[in-house]
Amino acid sequence: MRIPILKLHDYLLISVQVELDDQTALQFQEDVLEKIHEEGSRGVVIDLTSVEMIDSFIAKVLGDVVDMSNLMGAKVVLTGIQPAVAITLIDMGIVLDEVPTALDLEQGLERLQLELEG
Amino acid sequence: MQVQTHVDIHSEWGIVAARQAGRKLAREIGFGSVDQARITTAISELARNIYLYANRGQIKIEEVTASGKRGIKIIAVDEGPGIKDLRRVMEDGFTTSGGLGAGLPGVKRLMDDFNLHSELNEGTTITATKWLR
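Residues numbered from 1 in each chain as written. Chains lettered and ligands numbered in written order. Predicted model: local features only at pLDDT ≥ 70, side-chain atom pairs only at ≥ 80, totals over all residues.

Section: the overall build of chain B
At step 1: Broken down by element type, chain B carries four helices and five strands.
At step 2: Ordered by position from the N terminus, the helices and strands of chain B form the series β-α-α-β-β-α-α-β-β.
At step 3: With the C-alpha coordinates aligned to their principal axes, the bounding extent of chain B is approximately 40 × 25 × 25 Å.
At step 4: Counting every position in chain B, which comprises 133 residues, the buried fraction comes to 39%.
At step 5: Within chain B, residue pairs in contact and separated by at least 24 positions form 61% of the contacts whose partners lie at least 6 positions apart. (Helix = DSSP H or I, 4+ residues; strand = E, 2+ residues; numbered from the N terminus. Buried ≥ 20, exposed ≤ 12 C-beta atoms within 10 Å, placed from the backbone. Contact = placed C-beta atoms within 7 Å.)

Quick look at the structure:
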């Protein structure tokens, strides 16, 4: 299964709408990096509004995508993390610090713009 | 007879199947969305451990009642190599697979009751229960 990645000017927009199995998550990681390289994207918004569960593996994959994209010179913002997901992650002791987040896609794009201009 | 589901874990798809079965039963029992996420995440961690370390095993999910309370019980069983260092495996950040090391201590915190039994070269059984409040 592949997660579609949309291009909007200098940005990539991704809305994760499928139940993430390990393989899909790893494929997604690779696809995002390839797409950044291909399009010369400066920023990426990954919207997680439809994601009902993030376990330690998926959290690691997401954190790695952020770090890997940073290495390539692109900023990533995670948006739309559900209350239940946020509570579960903190319960588990998983802290995605240094990962930029925003409430929704719109605010995510604003945050990217600020980070890239500032 | 109370509801019981068995999911065989021998591929990554088993992890997803166990997760979905757990969420369905948790919802039926009446758990809210936050507890549903906790239960589903705990199942995901236990199923992945089976797949990573024992290659195959089983996740059993059942409804339980005790002193008037309803709950959901997850039993993860494998006949894998067993856990060498039981104390370290419950430490935050300890990992032998390159993961975050949040798995088992995380499951313990997500659920209300947690029990781990492991014999070297024989296998591991982990039982975790969440009670409806």
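With respect to the sheet that holds strand β3 (residues 43–47) of chain A
Residues and elements named next belong to chain A.
At step 1: Pairing is mixed in the open sheet, where five strands are placed in the order β1-β2-β3-β4-β5. The strands lining the two open edges of the sheet, one partner per strand, are β1 (6–8) and β5 (101–102).
At step 2: Across three bridges, β1 lies against strand β2 (residues 11–15) in antiparallel orientation. Within the sheet, the bridge partner assigned to L8 lies in β2 and is Y11.
At step 3: Against the sheet, helix α1 (residues 22–39) makes contact with β1, β2 and β3, and its axis sits at roughly 155° relative to β2, the strand it touches most. (Pairing = 2+ DSSP bridges. Axes fitted to C-alpha atoms, helices over the stretch in contact; angles between N-to-C directions.)

Observations concerning the interface of chain B and chain A
At step 1: The interface of chain B with chain A comprises 23 residues on the first partner and 20 residues on the second.
At step 2: Put simply, the parts of the chain that give the side of chain B that touches chain A at least two residues each are α1 (12–29), α2 (33–54) and α4 (103–110) of chain B.
At step 3: The leading source of residues in the side of chain B that touches chain A is α2(B), at nine residues.

Structural notes on the nonpolar core
In globular proteins that are soluble, nonpolar side chains generally tend to be buried together.
At step 1: By size, the foremost hydrophobic cluster in this structure holds 62 residues, and its most contacted members are A:V44, B:A42, B:L46, B:A47, B:I59 and B:I74.
At step 2: The leading source of residues in this core is α2(B), at eight residues.
At step 3: The contact partners of B:I74, leaving out residues within four places of it in the chain, are B:G22, B:A42, B:I43, B:L46, B:I59, B:I61 and B:A128. (Core = buried A, V, L, I, M, F, W, Y, C linked by C-beta atoms within 7 Å.)

Some remarks on the UniProt feature "domain: Histidine kinase/HSP90-like ATPase" (unreviewed entry) in chain B
At step 1: Mapped onto this numbering, the UniProt entry gives "domain: Histidine kinase/HSP90-like ATPase" (unreviewed entry) at residues 34–133 of chain B.
At step 2: Span residues 34–133 of chain B is 33% helix and 36% strand, its end C-alpha atoms 12 Å apart. (UniProt positions renumbered as here; feature names shortened; annotations may be inferred.)

A short note on the environment of A:E98
At step 1: Relative to the helices and strands, A:E98 resides in the loop between α3 (83–92) and β5.
At step 2: When the C-alpha positions of A:E98 and A:V66 are compared, they lie 9.3 Å apart, and in sequence the two are 32 residues distant.

What to know about the UniProt feature "domain: STAS" (unreviewed entry) in chain A
At step 1: With numbering matched to this structure, UniProt assigns "domain: STAS" (unreviewed entry) to residues 1–112 of chain A.
At step 2: As annotated, residues 1–112 of chain A has a helix share of 47% and a strand share of 18%, and its two end C-alpha atoms lie 28 Å apart.

Some points on the pairing of β3(A)
Residue and element names in this part refer to chain A.
At step 1: Most of β3 is tucked away, with five of its five residues classed as buried.
At step 2: Residues G43, V45 and D47 point to one face of β3 and V44 and I46 to the other, with burial holding for every one of them.
At step 3: The sheet contact formed by β2 and β3 spans five bridges and is parallel. Bridged to S15 within β3 is D47.

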